[in-house]
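Here is what each chain is made of, one letter per residue.
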Amino acid sequence: MPGGHAPDGDRGVADAVELKPALEAVLMVVDEPAAEAHLAKVLGRTRREVADALRELADEYDAQRRGFELRRVAGGWRYYTRPAYARAVEGFVLDGRQARLTQAALETLAVIAYRQPVSRSRVSAVRGVNCDGVMRTLLQRGLVEEAGTEPGTGAILYRTTNYFLERMGLRGLDELPELAPFLPEADAVEAESREGVPSFDPDAPDSEDADDKTEL
């Protein structure tokens, strides 16, 4: 883009709309954080123009004390409810239903976040309890995903997703709190974490054994 101008093929979009209103319109319909580069391409503007406009919009919403805010998370931008009004939105959306993760799920998610990519058996070894049911819950909610297999054992490895970063309000894993030192080192659980059976089927119904009942 010599001179900071958009490509000729995109000038029609760039000339036809004002940048800030166009960004607001696009961000109203995204289902995940939108990257500056993608927004620039769609709107026919330079990335610098888009980045500056997004920051200005975010500042304007803050100054106006709007009920929503524009946040940069997980490598992109998206609208979020302002924390001060979270309870009002929660009451409307949940309408008495409980949608929070259980303590077991939160603990399992923490182990995966700090040890990823990690196998199911290693997660179970760190927690000291079978995690099959909880792993299914995390997979179904899109917070973790498969990340290949472990050399030697063939065990499926798991990692957190972009959706996890979004829900945590993080730009990347490097922004995770310094909690890793409190988790056992991988070598400390190596003997217990060897895969002795095939990895579980994430689509299988929950088992009825005591461990799964406790987890869920």
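Treat the numbers as computed from the prediction; the structure is a model and nothing was measured.

J.: Give me the lowdown on the sheet that holds strand β4 (residues 144-149), citing residues and values where you can.
T.: Taken in spatial order, the three strands make up an open sheet running β3-β5-β4, and their pairing is antiparallel. Taken across any chain shown, the strands that pair with only one partner, and hence form the sheet edges, are β3 (118-119) and β4. As paired elements, β4 and strand β5 (residues 156-160) share four bridges and run antiparallel to each other. Counted as the bridge partner of E145 is R159 from β5. Across the sheet, helix α6 (residues 103-115) is in contact with β3, β4 and β5; its angle to β5 comes to roughly 95 degrees.

J.: Let's hear about the packing of aromatic side chains: which residues, and what values?
T.: In total, this model carries three aromatic pairs according to the counting rule given. Centroid distance Y61 to F68: 4.9 Å. Interplanar angle 65 degrees. Geometry classified as edge-to-face. Given the relative accessible area of 3%, Y61 is considered buried. A ring pair is formed by Y61 and Y79, whose centres lie 5.8 Å apart and whose planes are at 50 degrees; its orientation type is tilted. A residue pair is termed long-range when its members are at least 10 positions apart, and Y61 in helix α4 (residues 47-63) and Y79 in strand β2 (residues 76-81) qualify at 18 residues. Across the ring face of Y80, the terminal group of R71 is positioned such that the distance to the ring centre comes to 4.3 Å.

Criteria and cut-off values
- Residues numbered from 1 in each chain as written.
- Predicted model: local features only at pLDDT ≥ 70, side-chain atom pairs only at ≥ 80, totals over all residues.
- Heavy atoms only, no water.
- Pairing = 2+ DSSP bridges.
- Helix = DSSP H or I, 4+ residues; strand = E, 2+ residues; numbered from the N terminus.
- Contact = heavy atoms within 4.5 Å.
- Axes fitted to C-alpha atoms, helices over the stretch in contact; angles between N-to-C directions.
- Phe/Tyr/Trp six-rings, centres within 6.5 Å; stacked < 30°, edge-to-face > 60°.
- Buried < 20%, exposed > 50% of the residue type's maximum accessible area, 1.4 Å probe, protein only.
- Lys NZ or Arg CZ within 6 Å of the ring centre and 35° of its normal.

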